[in-house]
Amino acid sequence: MKEYFKYKYGYINVDDENLYLTNSGNWQEARETEEKTRANENRNNRRIVAIKIFVYVVLGAICIFVLKNLGKPSVGFGVIGLAIFLGYRVYKVFSKKFGSRYRIPLQKITKISAQGTVGLRIDFLNANNEPDFEIIEEPEFRGRDFLLELKTK
């Protein structure tokens, strides 16, 4: 079995042994992930914070540009519209990198449950066999259904 699904911040890959959280959905990236530990969770968090800082600095610069040039007749609405579109695209491209990257062995998953109307909560034992969980925001519907049925198989 090999399945993969999109979610708000990346991809979920599932094979016969593991569930992987990746940024690209690429199986090579999935196989290179490590099981979740405090150390790689901290690495993930630092990477995500750095990417978010970059995105928000770019969005802030675009907002400042738009606000400073709104009243100037020399800068047309096309340029302002292009700047807003550029900000939107930067956010969309980099938001896929806001997700975590690690693997969860299927045998260590204790429970998968619905979290609100569009999310999932995966309870599992991490690499140190400590209880842990991950919230998956806005997975594809077929992925949501697949994962909810995964623990019943």
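Whatever comes next refers back to the structure up there.
Residues numbered from 1 in each chain as written. Predicted model: local features only at pLDDT ≥ 70, side-chain atom pairs only at ≥ 80, totals over all residues. Heavy atoms only, no water.

**Student:** Explain the overall build of the protein chain to me, please; I cannot follow it from the model alone.
**Tutor:** Assigned secondary structure in the protein chain consists of 4 helices and 7 strands. Element order for the protein chain, N to C, with α for helix and β for strand: β-β-β-α-α-α-β-β-β-β-α. Relative to the globule expectation of 15 Å for 153 residues, the C-alpha radius of gyration of the protein chain, 19 Å, shows a markedly less compact shape. Residue burial in the protein chain is summarised as follows: out of 153 residues, 41% are buried. Carbon and sulfur atoms provide 57% of the accessible area of the protein chain, an area that totals close to 9100 Å². One way to put it: in the protein chain the 25 positive side-chain charges average out to a point 8 Å from where the 18 negative ones average out. (Helix = DSSP H or I, 4+ residues; strand = E, 2+ residues; numbered from the N terminus. Rg over C-alpha atoms; globule rule 2.2 N^0.38 Å. Buried < 20%, exposed > 50% of the residue type's maximum accessible area, 1.4 Å probe, protein only. Areas by Shrake-Rupley, 256 points an atom, 1.4 Å probe, with all protein chains shown as cover. Lys, Arg positive; Asp, Glu negative; His and termini not counted. Charge placed at Lys NZ, Arg CZ, Asp CG, Glu CD.)

**Student:** In this structure, what is going on with the environment of L70? I would like to understand it.
**Tutor:** Position of L70 relative to the elements: it lies in the loop between α2 (38-69) and α3 (77-95). Taking the C-alpha atoms as reference points, L70 and I80, 10 residues apart in sequence, are found 7.7 Å from one another.

**Student:** How do you make sense of the side chain of E29 when you look at a structure like this?
**Tutor:** Structurally, the position occupied by E29 is in helix α1 (residues 27-32). Apart from residues no more than four positions distant in its own chain, E29 is found in contact with T22, N23, S24 and R101. (Contact = heavy atoms within 4.5 Å.)

**Student:** Looking at this structure, how should I read helix α4 (residues 141-150)?
**Tutor:** Note that an α-helix has 3.6 residues per turn; residues three or four places apart therefore point the same way. Along α4, the positions that sit buried rather than exposed are G143, R144, F146, L147 and L150. Down the axis of α4, the smallest arc covering the buried residues is 165 degrees, so these residues share one side. Considering only its buried residues, α4 is in contact with β1 (3-7), β2 (10-14), β3 (18-22), β5 (109-115) and β6 (119-125). (Arc of directions from axis to C-beta.)

Worth remembering: the numbers are spatial, not functional.
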